[in-house]
Amino acid sequence: MNILNTWQLENTYADLPRQFYTRINPTPVNKPNLIIYNKELSNLIDIDLPDDKELLAQLFSGNKLPEKAKPISQAYAGHQFGHFSILGDGRAHLIGEQISANGKRYDIQFKGSGQTPYSRNGDGRAALAPMLREYIISEAMYALNIPTTRSLAVVSTGESIMRSSLMKGAILTRVASSHIRVGTFEYASKMLDSEALKNLADYAIKRHYPELTNQENPYLSFLKAVISQQAKLIASWMHVGFIHGVMNTDNMTISGETIDYGPCAFIDIFSMNKVFSSIDQNGRYEYGSQAHVAHWNLTKLAESLLPLLHENMDDALKLAEVSISGFAKEFNSAWISGMRSKLGLFNEEEDDYVLAQNLFKWMETAKADFTSTFRDLSYERLSENEIYKSPDFKKWYEVWQQRLLRNSKTTKSALILMRKHNPVIVPYNHFVEEALLAAENGDMKPFNSLLAALLNPFTLSASNESFQQSTIQPNPNYQTFCGT
Ligand code: AMP
Ligand code: MG
């Protein structure tokens, strides 16, 4: 089999005006070694490759490119911690768009594959641990039914890169429904002409929201659709305690997929203000602010789209404002709907919001673990932990039990619903760290067993028992790093 021609690659992004990308190949690496390969994802997108580690390493390092690959790096901008910058893929190459047998289009992107014209002062490279971190967390998010980019492979490069110390270099192959970001629109709006902006919007609509093409005002409908997708996405993060950590506008997709797993982490001891990222000193991207930040980011998308919304600027502004003001309602509705499932509620009552909020308030005061709390409620394991004996918890529990009596279905159905929505495990920080440390030292066993457990997060089983939080006390001072 010729592994270089088993791909069905297209390059429609390169039909956009020249300023949106640069044609550039990955920089070949010294001694590529396949660390992990996602066969299941490969099958899903219909890339049929032999089990040949050498060949796969050549392929997923960019040393050998598929025949139809036409690598590009994408131009974009973004607000980073509120400040506007011109960015672009400084260490990534989009090698093409794979078309699966059912006609779906997937961006195939290498990350850590060498310098590009957008590298600024960066070396274009990535370190092994952060790439494996993106791999395991993105795949865990997928298993949690949260829209996300995915990870197809990680290859170590055989080269060292300089970070806080010398580290092993690696390349991640990322699969995404596209890499169009809010920041791509900011780039078009600030740096290019209105024709280019229109080209980008038409392209994004055709690719992600084709049903909007024939709407009266497709650009306004597009803005509303992105707002809606992002509102749902952020609500789904909140439901599993995910903190993205670096919600800059260049790290927000218009497809509604989670992207860029840098300093992200799952909350353990619950707090609305939880921040893990070492660079998020002011808590801009703390757990409880994520909806607010998404709203802010979406105003940047709306501002970028203004010239397309209406020829009259005042009218365009009004349309944008009305759309943006819809975010809160969309988010609240997605949030409460998910919370009802997490609490086993079928019918709707107005006080459900207070019920959910009061549980979070208790969790925060009791320093309860996020995932364990919902797991223990779902599996009726409240006798296992002393914290559930507190009068405050008992008070909340009593109100919840009363509420369940007014449920439109049986308690048994409520528990089934809860178990579908409350994961038994998430990628807890210390397990992820342990797995990454071993991987850096050449032992992939802990990584692979953690990954296997995370791929089945909704089943309580002997194989994931050891990855549940209650077994280890989390470190309250744990920090994550961008690892760039
Ligand atoms: P991120 O924080 O990963 O979203 O990256 C922000 C920007 O920095 C993007 O434009 C990246 O391409 C760029 N960047 C990050 N790391 C590197 C690196 N090692 N070399 C070049 N560019 C980088
Ligand atoms: Mg980024």
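Residues numbered from 1 in each chain as written. Chains lettered and ligands numbered in written order. Predicted model: local features only at pLDDT ≥ 70, side-chain atom pairs only at ≥ 80, totals over all residues. Heavy atoms only, no water.

Once that is clear, we can look at the site of ligand 1. Neighbouring ligand 1 are 18 residues; G88, G90, D123, G124 and N251 lie closest to it. At a separation of 3.2 Å, a nitrogen atom of ligand 1 approaches a polar side-chain atom of R91. Note that a nitrogen atom of ligand 1 is positioned 3.0 Å from one of the side-chain N or O atoms of D123. Protein coverage of the free-state accessible area of ligand 1, which is 490 Å², stands at 86%. (Near = heavy atom within 4 Å. Polar contact = N/O pair within 3.5 Å; in protein donor to acceptor, adjacent residues only side chain to side chain. Areas by Shrake-Rupley, 256 points an atom, 1.4 Å probe, with all protein chains shown as cover.)

Often, the extent of an interface is quoted as the loss of accessible area on bringing the components together. Under the domain assignment used here, the protein contains domain 1 (3-176), domain 2 (181-428 + 469-484) and domain 3 (429-467). Summarising the inter-unit geometry, the C-alpha centres of domain 1 and domain 3 are found 23 Å apart. Contacts between domain 1 and domain 3 engage 15 residues on the former and 15 residues on the latter. Contact between domain 1 and domain 3 buries roughly 1300 Å² in total, counting both sides, with carbon and sulfur atoms accounting for 77%. At the boundary of domain 1 and domain 3, one finds zero salt bridges. Summed over the shared surface of domain 1 and domain 3, the number is one residue pair in polar contact (both at pLDDT 80 or more). Every element with two or more residues in the side of domain 1 that touches domain 3 is listed here: strand 3 (33-37), helix 3 (128-143) and strand 11 (166-176). (Domains from an automatic or database assignment. Contact = heavy atoms within 4.5 Å. Buried area = accessible area lost by both parts, 1.4 Å probe. Salt bridge = Lys/Arg side-chain N within 4 Å of Asp/Glu carboxyl O. Helix = DSSP H or I, 4+ residues; strand = E, 2+ residues; numbered from the N terminus.)

Next up on the list: the coordination of the magnesium ion (ligand 2). Protein coordination at the magnesium ion (ligand 2): the donors are N251 (OD1) and D260 (OD), at 1.9 to 2.2 Å from the metal. For the pair shown, N251 and D260 are each scored as buried. (Donors = N, O, S within 2.8 Å, 3.2 Å for Na, K, Ca; no water. Buried < 20%, exposed > 50% of the residue type's maximum accessible area, 1.4 Å probe, protein only.)

We now examine the pairing of strand 8 (residues 105-111). A large share of strand 8 lies buried, amounting to six of its seven residues. The sheet contact formed by strand 7 (residues 92-99) and strand 8 spans seven bridges and is antiparallel. Within strand 8, the position partnered with Q98 by the bridge is Y106. In textbook terms, the turn of a hairpin is the stretch between consecutive antiparallel strands, and for strand 7 and strand 8 this stretch comprises five residues, one of which, G103, has a positive phi near 85 degrees. Bridge count between strand 8 and strand 11: five bridges; the pairing is antiparallel. Following the sheet pairing, F110 is matched in strand 11 by T173. (Pairing = 2+ DSSP bridges.)

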